[in-house]
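Structural features, examined
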Amino acid sequence: MNGLFKLFLIFFKIGAFTFGGGYAMLPIIYRELCEERDIIPQAEMEEIVVLSQAMPGALAVNCATQTGYKLYGKLGAVVCALGVVLPSYLIIVCLAGVLLKYNDNHYVIGAFNGIRAVVVGMILAAAVKMLKPIAKDKIGIAIMLATVIAAVIIDINPIFFIIVGGIIGYIVASREESK
């Protein structure tokens, strides 16, 4: 099977069977690309995730685009982005009318409450996987804890945290290099 088509199918599957957005998709993206298929090393995938978080737009789409670009250039970026976006588009088109008609239904509300709990669990799983590389880095842990505390206490645009974290990381790296 063509590698590009294989990537399209992987991202299509991820897009079709994952609810809750990019953070909920991260553990599945890691498993599919790094663990099960060994398409991309985990260290490179972590770089892709960090870049994807710093870019505007949906995390899963950014990850798919970055992965496709890294492996197959511009065509790969487009194919992987389409793979992850197309299922959501098709599902929304097919189910929008039905969900609007039954959005007050007790069973529908219950189903979405269950899905919401699963999504939170998947986001926490992604956080744990991303925590492993910084667990040995005292500065990284300090930045992470400060960000969690600030994000809970203060309602600030997440881009602020990303910019400040990047600046602090840059300063720390500069100081380490000059030693």
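A short tour of the structure in this document, coming up. Every value quoted in this text rests on a predicted model; they were computed, and no experiment measured them.

The next thing to look at is the packing of helix 3 (residues 42–54) against helix 4 (residues 59–102). In contact at an axis separation of 9 Å, helix 3 and helix 4 are set at 130 degrees when each is read in the N-to-C sense. As summarised for this structure, helix 3 and helix 4 are arranged oblique, according to the angle between their axes. Of the two possible hands of crossing, helix 3 and helix 4 adopt the one that is right-handed. Two secondary-structure elements touch here, helix 3 through Glu 44, Met 45, Ile 48, Val 49, Leu 51, Ser 52 and Gln 53 and helix 4 through Leu 59, Asn 62, Cys 63, Gln 66, Thr 67 and Lys 70. Broken down by class, the residue content of the contact of helix 3 with helix 4 amounts to six nonpolar, five polar and two charged.

Turning our eyes to something else, we now look at the side chain of Glu 46. Secondary-structure assignment places Glu 46 in helix 3. Take Glu 46: its relative accessible area is 19%, and that puts it in the buried class. Excluding anything up to four places from it in sequence, Glu 46 contacts Tyr 30 and Pro 133.

Let's shift gears to the packing of aromatic side chains. All told, the structure shown has three aromatic pairs when counted by the stated rule. Arranged with centres 5.8 Å apart and planes meeting at 35 degrees, the rings of Phe 8 and Phe 12 form a pair that is tilted. A residue pair is termed a helical-turn pair when its members lie 3 or 4 positions apart in one helix, as Phe 8 and Phe 12 do in helix 1 (residues 3–17) at four residues. Overall, Phe 12 belongs to the partly exposed group, its relative accessible area being 27%. Note on Phe 160 and Phe 161: the rings are 5.9 Å apart at their centroids and 70 degrees apart in plane angle, and the pair reads as edge-to-face. Relative accessible area serves as the criterion here: at 16%, Phe 161 is assigned to the buried category. One aromatic cluster in this structure is built from Phe 5, Phe 8 and Phe 12.

Turning to the nonpolar core, a few remarks are in order. A general trend in soluble globular proteins is that nonpolar side chains are found buried together. Membership of the largest hydrophobic core comes to 25 residues, with the highest contact counts inside it found for Phe 11, Ile 14, Ile 29, Leu 33, Met 45 and Cys 63. Elements with a minimum of two residues in this core: helix 1, helix 2 (22–36), helix 3, helix 4 and helix 5 (106–134). Take this core: its biggest share by element is eight residues, from helix 2. Ignoring anything within four residues of it in the chain, the contact list for Met 45 reads Ile 29, Tyr 30, Leu 33, Cys 34, Ile 40, Cys 63 and Thr 67.

Procedures and definitions
- Residues numbered from 1 in each chain as written.
- Predicted model: local features only at pLDDT ≥ 70, side-chain atom pairs only at ≥ 80, totals over all residues.
- Heavy atoms only, no water.
- Axes fitted to C-alpha atoms, helices over the stretch in contact; angles between N-to-C directions.
- Helix = DSSP H or I, 4+ residues; strand = E, 2+ residues; numbered from the N terminus.
- Parallel < 35°, antiparallel > 145°, perpendicular 65-115°, else oblique.
- Left-handed = near helix turned anticlockwise from the far one by under 90°.
- Contact = heavy atoms within 4.5 Å.
- Nonpolar A, V, L, I, M, F, W, Y, C, P; charged D, E, K, R; others polar.
- Buried < 20%, exposed > 50% of the residue type's maximum accessible area, 1.4 Å probe, protein only.
- Phe/Tyr/Trp six-rings, centres within 6.5 Å; stacked < 30°, edge-to-face > 60°.
- Core = buried A, V, L, I, M, F, W, Y, C linked by side-chain atoms within 4.5 Å.

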